[in-house]
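Chain by chain, the residues:
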Amino acid sequence: MLIFECPYCGVKAEETELHAGGEAHLTRHGAGASDDDLKSYLFMRKNPKGVHFERWQHANGCGKWFHAARCTMTLEVFGTYSAQTFEPPAELVKKIKKKRPDWEGWT
Amino acid sequence: MRRYSAFAVAREALRYNKGWGRAWRAPQPKKHYDVVIVGAGGHGLATAYYLGKNFGITNVAILEKGWLGGGNTGRNTTIIRSNYLQDPSAAIYEKARGLYETMSQDLNMNVMFSPRGVMMLAQTQHEIRGFQRTAQANAFQGVKTEFISAQRVKQLVPIMNVDGPRYPVLGALWQERAGTARHDAVAWAYARACSDMGMDIIQKCEVTAVNQSGGQVTGVETTRGAISCKKLAILVAGNSGDLARMAGFRLPMESVALQALVSEPIKPCLDVVVMANTVHGYISQSDKGEFVIGGGTDMYNNYTQRGSFHHIEETVRALVETFPMISRMKMMRQWGGIVDVTGDRSPIISKTPLGNCFINGGWGTGGFKSIPGSGWGMAELVAKGEHGPLTAEFGLDRFNEGRFIDESVAAGVAH
Ligand SMILES: Cc1cc2nc3c(=O)[nH]c(=O)nc-3n(C[C@H](O)[C@H](O)[C@H](O)COP(=O)(O)OP(=O)(O)OC[C@H]3O[C@@H](n4cnc5c(N)ncnc54)[C@H](O)[C@@H]3O)c2cc1C
Ligand SMILES: [Zn+2]
């Protein structure tokens, strides 16, 4: 069972308390965007084997969306952080790199 | 290849079954093939088979990182139906269902296709309207389905509680010629036929890189050495994203876990397949007597081939209301597979940014039923380099053009 610490209310929530929201840090496009950009935003996903940055909602708790870094090969949760950012915090990236030396890093 | 027949069974019975021999060869990989297929699941093997049978291309290798049929093909709950909503889906799933009817004869191996009928329960007003619409669409597509009453449901499945307190059964979409087949046998039958045509099925051979030059694939690196090829076909289901990464493109697809479970065996009491989309569960009884049960996927990206416990609980809870007898049964085994889910819940059968590389995936929770139809169409795409009518709508370009084949509303549950 996955356990995430909600960065807003501090609760250690297990997955039935949460709602998964898919890949984080997508570049958003709206009306007037090219077909390619719109397709990338709406459908194309990294779907990596390994480190994945993703969105979760503390649905049955404070209700807020937050970000998490998790390994799709082991289901290890590396950490959670606020949704009010365009990229993961530097310390978290460093921590993951230490655990996963082969990881290509945040891109 | 030694033919399987009643005579052969009798002959082997008389000599202690010592004369059967291997069903397929275990060759060393050659340096070069005309076509290399990645993934010896049902789709990869069927593609190889129809490449040989329909197009005479037999210098083919099928590379498999584990054992053949050990991916989703050997983990699925074997529901075969073709009552989809959109025309392109109905066409390919119905083609596949038709090929299943004659598969045992065609491949000379009993795949235990059992057209026992599939019913999809309507448990809300919304579902009644949805299924009536599907039945209407199926009538135009030439797929025989009908919307049946709750009384008829009870007649077909006496052990069902149609007056459940939460979601009473209001009717069902019924496809009489749908059913199940033995999943392993489907993979084995294709493998045996491919090997017999001289194709090499190479197990424990993982593709680790895709070599290319000037926009064309030249070959692959594997754990058993480099292999060059004229054409590459990728059919790796939940690992599609990983192969695409090796080849240098991205896909509109994510990999998530889907689970299933089986009960202890009991006497025959359920001779159709029942799917309940609103409460997220489906059930059939195997020839051994076990209830084969499945439900919904997890929500998050996953490559571990195991899923979350609460989904098992949710699935069983959903079915207990409709089949009260389940509450006293023991569940014996539970497992997971990694399914490849696309944005419109329809598969991808497509050219790729690399000229001689083709991909077939995104069958998600429902690609066992399509194995022969998908292989038939994919073989044409690989052989000719162009789509035939069966696969034309399933290209990656549909995501650019907004030309979706939206089955997400039609197929509410994993199957
Ligand atoms: C629990 C569950 C229940 C299901 N129930 C149904 C159902 O009732 N009806 C239905 O129609 N469908 C069902 N499905 C879906 C169905 O199982 C799949 O859509 C179908 O089996 C996919 O077949 P495939 O050949 O594409 O993939 P697979 O059978 O997964 O084969 C892909 C193969 O590629 C190999 N591979 C991956 N990466 C590499 C690599 N790098 N190098 C070499 N080989 C590689 C894998 O080892 C695997 O053997 C279910 C799936 C699951 C998990
Ligand atoms: Zn919270």
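1. Considerations on the interface of chain A and chain B
Interfaces are often sized by the accessible area lost when the parts come together. With 25 residues of chain A at the contact, the number on the chain B side is 23 residues. Interface of chain A and chain B: buried area, both sides summed, is about 2,200 Å²; carbon and sulfur atoms make up 56% of it. Considering only the surface of chain A that becomes buried against chain B, Phe43, Asn47 and Lys49 of chain A emerge as the three largest contributors, covering 31% of it. For the interface between chain A and chain B, the tally reads one salt bridge. Counting the contacts that link chain A with chain B gives twelve residue pairs in polar contact (both at pLDDT 80 or more). Taken together, the elements giving at least two residues each to the side of chain A that touches chain B come down to strand 3 (19-23), helix 1 (35-42) and strand 4 (51-57) of chain A. Among the elements that take part in the side of chain A that touches chain B, helix 1 of chain A stands out by supplying four residues, more than any other. For the side of chain A that touches chain B, a count of residues per class yields nine nonpolar, seven polar and nine charged.

2. Thoughts on the pattern of salt bridges
Residues and elements named next belong to chain B. Scanning the model with the defined rule gives 26 salt bridges over all chains in all. Taking the shortest distance from any N to any O, the salt bridge between Glu101 and Arg97 comes out at 3.0 Å. Pair noted here: Glu101 and Arg97 are both in helix 3 (residues 87-107), with a separation of four residues, about one helical turn. For Glu101, a relative accessible area of 31% corresponds to the partly exposed category. Within the structure, one salt-bridge network assembled from shared partners comprises Glu94, Arg97, Glu101 and Arg177.

3. With respect to the site of ligand 1
Residue and element names in this part refer to chain B. Taken together, 38 residues lie near ligand 1, and Glu64, Asn72, Thr73, Thr77 and Lys369 sit nearest. Contacts to ligand 1 include Gly366, whose backbone N or O atom sits 3.3 Å from an oxygen atom. In the model, an oxygen atom of ligand 1 is placed 2.8 Å from a nitrogen or oxygen of the Lys369 main chain. Notes on ligand 1: free accessible area 1,000 Å², of which the protein chains cover 98%. Sorting the residues of the shell around ligand 1 by element identifies helix 2 (42-55), strand 12 (253-263) and strand 16 (331-342) as the ones contributing at least two each. Considering every element that reaches the shell around ligand 1, the biggest residue donor is strand 12, with three residues. Partitioning the shell around ligand 1 into residue classes produces 15 nonpolar, 18 polar and five charged. Structurally, the shell around ligand 1 is a two-domain feature, drawing no fewer than three residues from each of domain 1 (26-82 + 84-109 + 182-252 + 344-401) and domain 2 (118-179 + 255-342).

4. Comments concerning the domain arrangement of chain B
Residues and elements named next belong to chain B. Domains assigned within chain B are domain 1 (26-82 + 84-109 + 182-252 + 344-401) and domain 2 (118-179 + 255-342). Computed from C-alpha atoms alone, the centre-to-centre distance between domain 1 and domain 2 is 28 Å. Listed as interface residues are 33 residues of domain 1 and, on the opposing side, 32 residues of domain 2. For the interface between domain 1 and domain 2, the tally reads one salt bridge. Close ionic contact of Arg177 with Glu101 constitutes a salt bridge, the shortest N to O distance being 2.9 Å. At the level of elements, strand 3 (79-80), helix 3, helix 7 (240-247) and helix 10 (398-401) are the ones that each hand at least two residues to the side of domain 1 that touches domain 2. Ranked by the residues each element gives to the side of domain 1 that touches domain 2, the list is headed by helix 3, at five residues. Grouping the constituent residues of the side of domain 1 that touches domain 2 by class yields ten nonpolar, 13 polar and ten charged.

5. Describing the nonpolar core
Within the largest apolar cluster, 50 residues are counted, with the highest numbers of intra-cluster contacts made by Ile37, Leu45, Val60, Ile62, Tyr100, Val186 and Tyr190 of chain B. Taken together, the elements giving at least two residues each to this core come down to strand 1 (32-38), helix 2, strand 2 (60-63), helix 3, helix 6 (183-196) and helix 9 (371-384) of chain B. Look past the residues within four positions of Tyr190 of chain B in its chain and what remains in contact with it is Leu45, Ala46, Tyr49, Tyr50, Met103, Leu107, Ile371 and Pro372 of chain B. Counting residues in hydrophobic clusters, the runner-up holds 30 residues, among them Phe43 of chain A together with Val210, Leu251 and Cys357 of chain B.

6. Quick look at helix 2 (residues 90-99) of chain A
All names here are of chain A. All buried positions along helix 2 are accounted for by Leu92, Val93 and Ile96. For helix 2, the angular spread of the buried residues around the axis is 100°, confining them to a single face. Summarising the geometry of helix 2, the exposed residues directed more than 90 degrees from the buried face are Ala90, Glu91, Lys94 and Lys98. Where the residues of helix 2 are buried, they touch strand 4, strand 5 (65-71) and strand 6 (77-81).

7. Some thoughts on the environment of Glu54 of chain A
All names here are of chain A. As for its position among the elements, Glu54 is in strand 4. With relative accessibility at 2%, the residue Glu54 sits in the buried group. The spacing of Glu54 and Ala20 is 34 residues in sequence and 8.0 Å in space, taken between C-alpha atoms. Only 2.4 Å separates the side chain of Glu54 from the side chain of Arg70, close enough to count as a polar contact.

8. Comments concerning the side chain of Gln259 of chain B
Residue and element names in this part refer to chain B. Mapped onto the fold, Gln259 is located in strand 12. Residue classification places Gln259 among the buried positions, given a relative accessible area of 7%. Polar contacts involving the side chain of Gln259 include one to the side chain of Gln334, which spans 3.0 Å. Beyond its immediate sequence surroundings of up to four residues, Gln259 is in contact with Gly294, Gly295, Gly307, Ser308, His311, Ile312, Gln334, Trp335 and Gly336.

9. Considering the coordination of the zinc ion (ligand 2)
Residues and elements named next belong to chain A. In this structure, Cys6 (SG), Cys9 (SG), His58 (ND1) and Cys62 (SG) serve as the protein donors to the zinc ion (ligand 2), at separations of 2.0 to 2.3 Å. Given four donor atoms and angles of 101 to 118° at the metal, the environment of the zinc ion (ligand 2) is assigned as tetrahedral. Residue Cys9 is classed as partly exposed on the basis of its relative accessible area of 36%. The class for His58 is buried, based on a relative accessible area of 1%.

10. Concerning helix 6 of chain B
All names here are of chain B. Compared with the 20 Å implied by 1.5 Å per residue over 14 residues, the 20 Å span of helix 6 between its first and last C-alpha is a close match. For helix 6, the tally of buried residues reaches twelve of 14 residues, placing the bulk of the element in the interior. The secondary structure elements touched by the buried residues of helix 6 are helix 2, strand 2, helix 3, strand 8 (200-202) and helix 9.

Cut-offs applied
Residues numbered from 1 in each chain as written. Chains lettered and ligands numbered in written order. Predicted model: local features only at pLDDT ≥ 70, side-chain atom pairs only at ≥ 80, totals over all residues. Heavy atoms only, no water. Contact = heavy atoms within 4.5 Å. Buried area = accessible area lost by both parts, 1.4 Å probe. Salt bridge = Lys/Arg side-chain N within 4 Å of Asp/Glu carboxyl O. Polar contact = N/O pair within 3.5 Å; in protein donor to acceptor, adjacent residues only side chain to side chain. Helix = DSSP H or I, 4+ residues; strand = E, 2+ residues; numbered from the N terminus. Nonpolar A, V, L, I, M, F, W, Y, C, P; charged D, E, K, R; others polar. Buried < 20%, exposed > 50% of the residue type's maximum accessible area, 1.4 Å probe, protein only. Near = heavy atom within 4 Å. Areas by Shrake-Rupley, 256 points an atom, 1.4 Å probe, with all protein chains shown as cover. Domains from an automatic or database assignment. Core = buried A, V, L, I, M, F, W, Y, C linked by side-chain atoms within 4.5 Å. Arc of directions from axis to C-beta. Donors = N, O, S within 2.8 Å, 3.2 Å for Na, K, Ca; no water. Tetrahedral: all angles 85-135°; square planar, octahedral: opposite > 155°, others 65-115°. Expected span 1.5 Å × (residues − 1).

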